[in-house]
Amino acid sequence: MNFNMKLWGITPLLVCGVMFTACSNDESLNTPVTGESSAYVVAGTVTGGTSNTAAYLLTSGSLDEGEVTAIGNGFETDYSRAATWLFFGNKYLYRLSYNMGSDGTTVAFYLDGNGNIRQRSGEYSIQNFTAYGTYGNKIITTATAAGSSTDAYGNKAYNINFTLLDVENETTETKTVLSENFLGNGEYVMLAGLLEANGKIYTGVVPLGCTPYGVAAGAVKPGNEGLIKNEAGGSGGGMYTSGTLDGTQYPDECYVAIFDDDTFTNPTIVKTDKMSWAAGRMRSAYYQTVWAADNGDIYVFSPSYAKIQSAPSQRTKHPSSVMRIKKGATEFDSSYEPFDIETAAGGNGRAMYRCWHITGDYFLLQMYVNGINIQGTGTTKMAVFKGEDRTFRYVTGLPDDNLISSFPVKNIYSENGVCYISVVTTDGSSPRVYKIDPVTAEATPGLSVGVDEPGAIGKLIAQ
């Protein structure tokens, strides 16, 4: 391809606005867990009859049994659109929020010496983000958006914007990296998840196609000119403008970026043409599918969403798969051929939706049961994958597929070699936490949670 490299030579500008303010609200409404120095915390939402949604933080001494409810109990907090709960170790629970183009309020919570949930003083206003993670003492969010720099034709270049929250100092800073031609193929990209491992930051890179800026720079492959949109379309995070080539032209390739630190400069790009790009997807949300085993090996999972593209040139031939990058390596492990998740799951499009690390080299996979889609529907099975042994087993002991409404957690909780997830069913019973033993792939029902949607599970140690 003949890229006009003069068009790539721009200076990225910050476009992601972040404000830091103080909040004096330290009121606690939850029932104390007297005499305990730690507590399990379940963050959940309750929707009223008028569609008003409130968020509650509930504490429990166990995840394996008992019942907690938001009725007359729990720490109540505001629920903003697209709130994401993120535990920062066992110290804090962050409610990461955004409101599309407007600011959303992000706050953090901790457990005091009396077992009460308290809100920290800092509040953060953060714009739209699509990926997040932790690195050192920081929480980092990131999104791709149009910047203010333009080419000779007035087309705006897209940037990857980072917001870094210093957890201890309660301060923020922003950084920006050029998204255009990030992989050297002319396309713009977004990142899916930020993984701290081996002293570095790993992230799945999702190629998105060509903005009008990339089209003008010559990034459209010969024969794909007909894929350029003549008018704006899409919705939410999938919106595009006229003159855009929507969706990657490289559907059979998978990319992982390795950053040395949180300056996000000079990334190492690890590439394979043996599977498609690595990220879970639900509408405009993209989920992390790059995880580290306990020994530092990196496992890269691909749901293979490019299979459902309408244009043949944008459709991948690869099934949902997993590959490996050995600890310290900057290339995919040549001895570890792609593991075909779909075949192991029984075929018929039973791809992986999203995944998490449990312990050792065990990973929990949420699976499609009726074929892959970008709506997140029909993902009512869980499976366990063991990396070194290359084994796949469906989890037993969960409610029947037909009764499961959702697995609402975005991040599972693991301890003592097992993991915990929440399950919402359609039979009128309260949502319940289930313990999954990865060695046996068996699930056991545990704590009953009296909220509509328990969206996070973790443990806090008193501060």
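Keep in mind it's a predicted model, so treat the numbers as computed, not measured.

A short note on the packing of aromatic side chains
This model, assessed by the stated rule, comprises 19 aromatic pairs. Seen in terms of ring centroids, Tyr299 and Phe363 are 5.1 Å apart; in terms of plane orientation they differ by 55°. Their pairing is tilted. On the criterion of sequence distance, the pair formed by Tyr299 in strand β22 (residues 298–302) and Phe363 in strand β26 (residues 362–367) is long-range, its members being 64 residues apart. As far as the burial class goes, Tyr299 and Phe363 line up, both buried. Ring centres of Phe392 and Tyr394 lie 5.3 Å apart, and the angle between their planes is 80°; this geometry places the pair in the edge-to-face category. Looking at Phe392, the relative accessible area reads 13%, which means it is buried. A relative accessible area of 24% places Tyr394 in the partly exposed class. One residue, Arg354, lies across the ring of Tyr287, its end atom 5.3 Å from the ring centre.

Some remarks on the nonpolar core
The biggest cluster of nonpolar side chains holds 52 residues, and the ones touching the most others in it are Phe301, Ile341, Leu364, Leu365, Leu398 and Ile421. Among residues more than four places away in sequence, those in contact with Ile421 are Leu364, Met382, Leu398, Phe407, Val409, Ile412, Arg432, Val433, Tyr434, Ile436 and Ile457. By size, the runner-up hydrophobic cluster in this structure holds 18 residues, among which are Leu183, Leu191, Ile201 and Phe264.

Remarks on the sheet that holds strand β25 (residues 352–359)
Strand order across the open sheet formed by 4 strands is β25-β26-β27-β28, with antiparallel pairing between neighbours. Either end of the sheet is taken by a strand with one partner, and the two such strands are β25 and β28 (391–394). The average angle at which neighbouring strand axes cross in this sheet is 25°, direction not considered. Looking at chain direction, β26 and strand β27 (residues 381–386) are connected through 6 bridges and run antiparallel. Directly across from Tyr362, in β27, lies its bridge partner Lys386.

Calculation notes
- Residues numbered from 1 in each chain as written.
- Predicted model: local features only at pLDDT ≥ 70, side-chain atom pairs only at ≥ 80, totals over all residues.
- Heavy atoms only, no water.
- Phe/Tyr/Trp six-rings, centres within 6.5 Å; stacked < 30°, edge-to-face > 60°.
- Helix = DSSP H or I, 4+ residues; strand = E, 2+ residues; numbered from the N terminus.
- Buried < 20%, exposed > 50% of the residue type's maximum accessible area, 1.4 Å probe, protein only.
- Lys NZ or Arg CZ within 6 Å of the ring centre and 35° of its normal.
- Core = buried A, V, L, I, M, F, W, Y, C linked by side-chain atoms within 4.5 Å.
- Contact = heavy atoms within 4.5 Å.
- Pairing = 2+ DSSP bridges.
- Axes fitted to C-alpha atoms, helices over the stretch in contact; angles between N-to-C directions.

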